[in-house]
Amino acid sequence: MVNNLGDPILRKSMELAGRKLTLECGRLALQASGSIFATYGDTSVLVAVTASEKPKEGVDFFPLTVDYEEKLYSVGKIPGGFIKREGRPSEKAILSCRLIDRPIRPLFPKGYRNDVNIVATVLSMDQDNQPDILSIIGAAAALEISKIPFVEALAAVKVGYVNGELIVNPTIKEDENSILSLTVAGTKNAVMMVEASANEVSEELALEAILFAHEEIKKIIDFILAFKKEALELGIAKQTEEFIAAELDEELCSVVKDFIRPQMVEVIEYLSANKVRKQTRDNFLKEKCTELFGCFCSEKPAYADNVGLANIFNELFGKVQKEELRKFVLTTKTRVDGRGLEEVRAILCEVGVLPRTHGSALFSRGETQILNIITLGPLGDEQRIDGISLEQTKRYMHHYNFPPYSVGEARSSRGPGRREIGHGALAEKALQCVIPDETVFPYALRLVSEALGSNGSTSMGSVCSSSLSLMDAGVPIKAPVAGVAMGLIKEGDQVAVLTDIQGMEDALGDMDFKVAGTADGITALQMDIKVAGIDKDILRKALAQAKAGRMHILGKMLEVLATFRPEISDYAPGIIQITISQDRIRDVIGPGGKMIKKIVEETGVKIDIEDDGRVFIAAVDRSAGIRAQAIIEAITAEVEVGKTYLGKVVKIAEFGAFVEVIPGVFGGSGKDGLVHISQLDVKRVAKVEDVVSEGDQILVKVLGIDPQGKIKLSRKDALPKEKE
């Protein structure tokens with residue numbers, strides 16, 4: 001098989017979870033450094049990777065950019081709005097970008113500074129086969145067949161747990177019945193990333209699912225490597241370029257490190273013994289670096305004339321700091337802030353912090369401080385989603401903000417970035433399973449976490465403050481949720497698992513493992529690994545230690561507020577729910593929406609009507625809600641045969657009186673029926689006016705309703721009740 005240029009096309013398939021996974025190269029996007037057309041079921045993703053020829057100057061990080069493009073034509077949709085084309089990426093697309101980026105980034109060589117761009121474009125989508133997993137596999141395969149230096153092959157799968165069985169890449173139906181939604185990415189030797197939401201699963205099940213996923217990942221990697229081998233033989237793939245990081249002068253590095261090291265050991269011991277805070281510590285380290293550089297130039301004048309010595313010294317100062325800090329933790333089992341390995345920082349919880357919001361809570365753990373605010377609204381306030389997934393609306397939303405002042409920086413805020421969206425989504429996952437169903441609590445909920453101070457794991461702080469805020473607002477959650485971030489330092493056989501990591505431990509450590517859950521089990525996981533070799537025993541220890549940390553934090557939270565408040569805030573709208581016949585929905589709405597607009601104008605409430613006849617009336621003023629309910633019930637009321645009504649005589653005729661049994665709304669006509677002259681009294685009536693007059697209120701009983709809808713009434717049959 002060849003393309004239009006006469007070059008070979010390679011297409012290979014394997015079976016994955018009973019469906020065919022196909023990788024193809026040589027047909028599409030031929031000018032990219034590497035491109036893969038990946039198909040799984042009817043889902044197709046094109047992944048193209050490119051890299052600059054030269055390193056990016058002036059950067060001390062790896063400039064990797066991942067773009068995940070959802071094309072609405074992939075699911076047969078035309079974009080909404082006035083501009084009928086895709087705009088900025090959806091929240092789901094941004095989360096998919098992060099899902100691809102996180103396991104791939106650590107697998108590039110250290111010191112690699114060339115721009116790398118990965119673009120995954122969803123061209124066709126089958127809802128049973130999600131494109132984000134396929135995009136990770138496609139990106140890994142595209143990197144393997146390109147010349148871009150990439151350390152090790154990678155793959156990913158999703159795992160569900162249905163009816164006591166772990167399932168690879170569950171379908172939509174299976175996912176709906178699963179108590180676990182787990183995404184795992186890794187190499188043949190190590191798990192690199194975990195992302196999960198769960199319904200209070202045990203640590204044992206979570207570990208089993210991760211290891212189960214890793215076994216499937218190994219099979220996919222074997223397939224990718226076989227694909228690469230064949231692509232090389234056909235001349236489609238390119239040989240990987242060898243990357244050699246720029247080396248500093250070995251003699252100079254050795255001299256500088258030896259000069260810094262004794263001082264660094266003393267610095268770390270001082271910081272730990274005195275439990276120095278983040279900003280003071282950072283300033284102290286900067287001053288110490290400047291001081292040592294001056295001393296070095298004075299004591300080692302032979303090296304003072306080296307070009308770029310200051311930059312070299314700063315870089316080596318950071319390296320020695322990392323080395324000595326890691327050694328200090330492993331040997332002393334004590335951390336830079338003086339804590340033990342399993343010790344959680346001091347916690348302070350407050351609720352009802354803001355007087356006019358529907359609920360609020362402040363959660364402080366060490367120098368990490370999160371303020372969460374909840375707003376309750378009618379179901380009509382739920383978020384509308386215009387994307388390629390089946391989800392069209394979302395009634396529970398969690399947003400996370402990270403202002404610059406939270407880390408003492410002076411810069412303008414640019415709105416939520418990928419990190420903010422990712423942290424908000426993680427907190428949302430952690431709480432999703434405890435949010436009450438709309439049949440129990442018919443509200444839309446928006447939670448906003450404001451990171452007021454950051455020194456490690458603001459995302460887990462958001463989970464804790466959100467739980468307290470929900471309870472403060474009177475939301476009947478299933479159980480409170482707490483979260484904790486775990487870290488790791490591993491050198492050979494020496495291992496230290498750290499509970500409740502701070503920023504420095506995240507930056508200098510080997511793992512960031514966030515675990516959230518209730519007292520009964522895990523509700524969310526997120527793990528990123530920076531090194532290979534995280535085995536089953538380390539994962540088990542980290543999960544067990546995380547559970548102990550989580551229970552400690554939950555205890556502190558429950559000391560402040562043991563359960564949700566019995567009533568919602570006076571400033572939150574009360575929701576009245578009634579059900580009307582589906583046939584009467586049009587009567588409540590009225591022609592052109594006139595009736596429902598009139599009700600809203602008269603009462604000031606907000607009304608949402610579902611297609612199944614459920615009506616939700618939201619009103620801060622409870623009496624206004626009751627008034628609106630009465631109007632709707634009057635509009636939709638049906639006359640019942642055999643029932644007695646207190647009616648009003650609206651018209652007199654020779655043959656009887658017309659009586660309104662259900663009043664009209666807004667001065668309109670209601671429902672009336674005829675009391676025939678023979679039904680006006682137990683004795684014979686000569687004239688209708690002898691018994692009733694227009695405007696009189698009388699009791700009448702409904703005798704029947706004819707096929708034309710005419711109502712037959714009797715005053716005679718209601719007379720005994722009238723006397724009573």
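Coordinates for the structure precede this section.
Predicted model, so just to flag it, every value in this text is computed and none were measured.

## A few points about helix H7 (residues 309–332)
Between the first and last C-alpha of H7 there are 33 Å, a value that for 24 residues agrees with the 34 Å anticipated at 1.5 Å per step. Phi for Lys 333, located one or two positions after H7, is positive at around 60 degrees.

## Overview of the side chain of Arg 339
Along the chain, Arg 339 falls in the loop between H7 and strand E11 (347–351). Here Arg 339 falls in the buried class, since its relative accessible area comes to 6%. A polar side-chain atom of Arg 339 sits 2.7 Å from a polar atom in the side chain of Asp 337.

## Here we look at the packing of helix H8 (residues 418–432) against helix H9 (residues 458–472)
For any two helices packed against each other, the geometry is given by the interaxial angle and the distance between the axes. Between H8 and H9, the least distance of the axes is 9 Å, while the angle of their chain directions is 45 degrees. The pairing of H8 with H9 is recorded here as oblique in orientation. In this structure, H8 meets H9 at a crossing whose hand is right-handed. In this structure, H8 contributes Arg 419, His 423, Leu 426, Ala 427, Ala 430 and Leu 431 to the contact, and H9 contributes Thr 458, Ser 459, Met 460, Ser 462, Val 463, Ser 466, Ser 467 and Leu 470.

## Quick notes on the packing of helix H13 (residues 594–603) against helix H14 (residues 622–636)
Their axes nearest at 9 Å, the elements H13 and H14 cross at an angle of 150 degrees. With respect to H14, the element H13 is oriented roughly antiparallel. Crossing handedness for the pair H13 and H14: right-handed. When H13 is examined against H14, the residues Met 595, Ile 599 and Thr 603 are found in contact with a partner set consisting of Ala 624, Arg 627, Ala 628, Ile 631, Ile 632 and Ile 635.

## Some words on the packing of aromatic side chains
Where two aromatic rings form a pair, the distance of their centres and the angle of their planes describe that pair. All told, the structure shown has 13 aromatic pairs when counted by the stated rule. Between the aromatic rings of Phe 108 and Phe 150, the centroid separation amounts to 5.2 Å while the plane-to-plane angle is 65 degrees, which identifies the pairing as edge-to-face. With Phe 108 in the loop between helix H1 (91–104) and strand E6 (114–124) and Phe 150 in the loop between helix H2 (131–145) and strand E7 (155–162), this residue pair connects regions lying 42 residues apart in the sequence. Residues Phe 108 and Phe 150 agree in their burial class; the two are buried.

## Observations regarding the pattern of salt bridges
In total, this model carries 51 salt bridges according to the counting rule given. Salt-bridge contacts for Lys 598 lead to Glu 602; the nearest nitrogen and oxygen are separated by 3.8 Å. Here the residue Lys 598 and the residue Glu 602 both occupy positions in helix H13, the gap between them amounting to four residues, near one helical turn. Classification of Lys 598 as partly exposed rests on a relative accessible area of 33%. A relative accessible area of 45% places Glu 602 in the partly exposed class. Three or more residues joined by partner-sharing salt bridges are found here, namely Arg 335, Asp 337, Arg 339, Arg 345, Arg 365, Asp 500 and Glu 505.

## A closer look at the sheet that holds strand E25 (residues 644–653)
Taking strand neighbours around the barrel as the criterion, the five strands line up as E25-E26-E27-E29-E28 in a closed arrangement whose pairing is mixed. Each strand of the sheet is rotated relative to its neighbour by a mean of 50 degrees, with strand direction disregarded. Pairing of E25 with strand E26 (residues 656–662), which is carried by five bridges, proceeds in the antiparallel orientation. Pairing of Ala 653 across the sheet is with Gly 656, part of E26.

## Here we look at unusual backbone geometry
The phi angle at Asn 169 is positive, at roughly 45 degrees, despite the residue not being glycine. Positionally, Asn 169 belongs in the loop between strand E8 (165–168) and helix H3 (172–176). We classify Asn 169 as buried; its relative accessible area is 8%. A positive phi is found at Lys 333, a non-glycine position, where the angle reads about 60 degrees. Position of Lys 333 among the secondary structure elements: in the loop between H7 and E11. Overall, Lys 333 belongs to the partly exposed group, its relative accessible area being 41%.

## Quick look at the pairing of strand E9 (residues 180–186)
Here is the key point about a regular strand: its side chains alternate between the two faces of the sheet. Counting buried positions along E9 yields seven of seven residues, so the element is predominantly enclosed. The alternating pattern of E9 places Leu 180, Leu 182, Val 184 and Gly 186 and Ser 181, Thr 183 and Ala 185 on opposite faces, both of which are buried. Relative to E9, E7 runs antiparallel, the two sharing six bridges. The residue of E9 that forms the bridge with Val 159 is Leu 182. In the sheet, E9 pairs with strand E10 (residues 191–201) via seven bridges, with the strands oriented antiparallel. Note that in E10 the partner of Thr 183 across the bridge is Glu 195.

## With respect to the environment of Ala 155
Mapping Ala 155 onto the fold places it in strand E7. Each C-alpha atom of the pair Ala 155 and Lys 429 lies 23 Å from the other, and the pair is 274 residues apart in sequence. Apart from the residues within four sequence positions on either side, Ala 155 is in contact with Val 184, Ala 185, Gly 186, Ile 217, Ile 220, Ile 221 and Ile 224.

## Section: the pairing of strand E29 (residues 711–714)
Bridge count between strand E27 (residues 671–676) and E29: two bridges; the pairing is parallel. For Val 675, the partnering residue across the bridge sits in E29 and is Leu 713. Bridge count between strand E28 (residues 697–705) and E29: four bridges; the pairing is antiparallel. For Lys 701, the partnering residue across the bridge sits in E29 and is Ser 714.

## What about the nonpolar core?
Membership of the largest hydrophobic core comes to 136 residues, with the highest contact counts inside it found for Ile 104, Ile 118, Leu 445 and Phe 513. The leading source of residues in this core is helix H4 (residues 203–234), at 13 residues. In this structure, Ile 118 is in contact with Val 47, Ala 48, Val 49, Leu 64, Thr 65, Val 66, Asp 67, Ile 104, Ala 139 and Leu 143, ignoring residues within four places of it in sequence. Val 256, Ile 268, Tyr 303 and Met 504 belong to the second-largest nonpolar core, a separate cluster that totals 35 residues.

Definitions and cut-offs
Residues numbered from 1 in each chain as written. Predicted model: local features only at pLDDT ≥ 70, side-chain atom pairs only at ≥ 80, totals over all residues. Heavy atoms only, no water. Helix = DSSP H or I, 4+ residues; strand = E, 2+ residues; numbered from the N terminus. Expected span 1.5 Å × (residues − 1). Buried < 20%, exposed > 50% of the residue type's maximum accessible area, 1.4 Å probe, protein only. Polar contact = N/O pair within 3.5 Å; in protein donor to acceptor, adjacent residues only side chain to side chain. Axes fitted to C-alpha atoms, helices over the stretch in contact; angles between N-to-C directions. Parallel < 35°, antiparallel > 145°, perpendicular 65-115°, else oblique. Left-handed = near helix turned anticlockwise from the far one by under 90°. Contact = heavy atoms within 4.5 Å. Phe/Tyr/Trp six-rings, centres within 6.5 Å; stacked < 30°, edge-to-face > 60°. Salt bridge = Lys/Arg side-chain N within 4 Å of Asp/Glu carboxyl O. Pairing = 2+ DSSP bridges. Core = buried A, V, L, I, M, F, W, Y, C linked by side-chain atoms within 4.5 Å.

That's the geometry; what it means functionally is another story.
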